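Spelled out from the first residue to the last, the chains are:
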Amino acid sequence: MIDRRLGQLLVALLLVAAPSTSHARSQPISSVPAQMRSPAGSAVSALNGATQGPAQSSPTPAEAPQNEIRITGLGSSSAPWTIVLLLTFLTLIPSLLICMTPFARLLVVFHFLRQALGLQTTPSNQTLIGLTLVLTFFIMEPVGQRIYKQSFEPLQSGQITAMEALSRGTGPMRDFMAHYVREKDAELFLEIAKQPRPRTVQDLSMRILLPAYIVSELKTGFQIGAVLFLPFLVVDMVVASITTSVGMMQLPPVVISTPLKLLLFLMVDGWHLLIASLMRSFN
């Protein structure tokens, strides 16, 4: 009797120490010999269960943490392609905003002014771009407030979807661009796109309105720059004629005309007049 119990205990210890414990646990009870299903074997199994503790169940998808970030992609697209599309769109946003705002007109006028004064690097490009950005934000602030109230606030409160917010946000931008687009430029792109002529400018699609607006802004900027260039060109011609008649061939006329143009620009408070005229042109 004692030898039989020692044999059963030895077999149980061998089963516990075996490397394939998972296979032994998954083995049904019916496959174990009858002599192993004894009180000693039950005690060893209970001891193993006590040392290993309760089994930890893997969390189901419903029990996933709420703060977990998951990128599932747009539709059937994968997450990497979704990230690529989003980053590409973010890189195009500055160019789109430049083409849909007065930035192009203002920057063209400021570069014409620098060339008319005969100054190559003063003000610097960074200064002119910064001034243009500040004036652009000043002009576009009412439009930005309308976009925020009509699209961003309902989207933030969950009343509309992202696509509806995008559709509502294009309304104020469309009204702004339609106010300054030329009819001739709009007709050009309608003819190229082979689309019927709408009843009003507000009915133009963004495909037609956007290129027509940027062309109109460039035309307006060049017109203002040409008018701004004329008085300084007169100063250059007068100085050149005087130096030539006096016989000052070795002295370039630009050396004399540049200080005179600067004095003329400062005497009439040129920056104030120029900024005031540009701001009033957008009202």
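Structural data are supplied above this passage.
Cut-offs applied
Residues numbered from 1 in each chain as written. Predicted model: local features only at pLDDT ≥ 70, side-chain atom pairs only at ≥ 80, totals over all residues. Heavy atoms only, no water. Helix = DSSP H or I, 4+ residues; strand = E, 2+ residues; numbered from the N terminus. Buried < 20%, exposed > 50% of the residue type's maximum accessible area, 1.4 Å probe, protein only. Contact = heavy atoms within 4.5 Å. Areas by Shrake-Rupley, 256 points an atom, 1.4 Å probe, with all protein chains shown as cover. Polar contact = N/O pair within 3.5 Å; in protein donor to acceptor, adjacent residues only side chain to side chain. Core = buried A, V, L, I, M, F, W, Y, C linked by side-chain atoms within 4.5 Å. Patch = residues over 30% accessible without salt bridge, like charges linked within 9 Å, V, L, I, M, F, W, Y side chains within 5 Å. Salt bridge = Lys/Arg side-chain N within 4 Å of Asp/Glu carboxyl O. Axes fitted to C-alpha atoms, helices over the stretch in contact; angles between N-to-C directions. Parallel < 35°, antiparallel > 145°, perpendicular 65-115°, else oblique. Left-handed = near helix turned anticlockwise from the far one by under 90°.

Describing the overall build of the protein
Of regular secondary structure, the protein possesses 11 helices and 0 strands. In sequence order, the protein lays out its α and β elements as α-α-α-α-α-α-α-α-α-α-α. The buried share of the protein, reckoned over its 283 residues, is 26%. Taking the contacts inside the protein whose residues are at least 6 apart along the sequence as the reference set, 67% of them involve residues at least 24 apart. Entry remark: accessible area of the protein is about 19600 Å², with carbon and sulfur atoms responsible for 67%.

Looking at the side chain of Thr132
Mapped onto the secondary structure, Thr132 falls in helix H6 (residues 125-156). At 2.6 Å, the side chain of Thr132 forms a polar contact with the backbone oxygen of Leu128. If we ignore the near neighbours within four places in the chain, the residues touching Thr132 are Phe103, Leu106, Leu107 and Phe110.

Let's talk about the side chain of Glu217
The topology assignment puts Glu217 in helix H9 (residues 206-246). If sequence neighbours within four positions are ignored, Glu217 has contacts with Pro102, Arg105, Tyr180 and Phe282.

Concerning the nonpolar core
One broad rule of soluble globular proteins: the nonpolar side chains tend to lie buried together. Grouped together as the largest cluster of nonpolar side chains are 37 residues, with contacts concentrated most on Leu106, Phe110, Leu113, Phe176, Phe232, Leu274 and Leu278. Going through the elements one at a time, helix H5 (103-117), H6, helix H7 (162-180), helix H8 (183-193), H9 and helix H11 (270-280) are the ones with two or more residues in this core. In contact with Leu113, not counting residues within four places along its chain, are Leu228, Phe232, Phe265, Trp271 and Leu274.

Remarks on a nonpolar patch on the surface
Taken together, Val234, Val238, Ile242, Val246, Met248, Leu251 and Val255 make up a surface patch of nonpolar side chains, about 570 Å² in accessible area. Counting residues per element, the nonpolar patch draws most heavily on H9, which supplies 4 residues. Within the secondary structure layout, Leu251 lies in the loop between H9 and helix H10 (253-267).

Overview of unusual backbone geometry
Thr122 connects to Pro123 through a cis peptide bond whose omega is -5 degrees. Checked against the element boundaries, Pro123 lands in the loop between H5 and H6. The phi angle at Lys194 is positive, at roughly 60 degrees, despite the residue not being glycine. Turning to its location among the elements, Lys194 is positioned in the loop between H8 and H9. On the basis of relative accessible area, Lys194 is assigned to the exposed category, the value being 77%. Even without being glycine, Asp269 reaches a positive phi, approximately 55 degrees.

Concerning the pattern of salt bridges
Going through the model one piece at a time under the given rule, you end up with 6 salt bridges. The partner of Arg197 in a salt bridge is Glu187, and the shortest N-O contact between them spans 3.2 Å. Separated by 10 residues along the polypeptide, Arg197 in the loop between H8 and H9 and Glu187 in helix H8 bring together distant segments of the chain. The salt bridge partner of Lys261 is Asp236, with a shortest N-O separation of 3.2 Å. Taken as a pair, Lys261 in helix H10 and Asp236 in helix H9 lie far apart in primary sequence, 25 residues in all.

Considering the packing of H5 against H11
For the pair H5 and H11, the least separation of the axes is 12 Å and the interaxial angle reads 155 degrees. The angle between H5 and H11 falls in the class roughly antiparallel. In this structure, H5 crosses over H11, and the sense of that crossing is right-handed. Seen from H5, the contacting residues are Leu106, Val109, Phe110 and Leu113; seen from H11, they are Trp271, Leu274, Ile275, Leu278 and Met279.

Function cannot be inferred from these measures alone, as they are strictly geometric.
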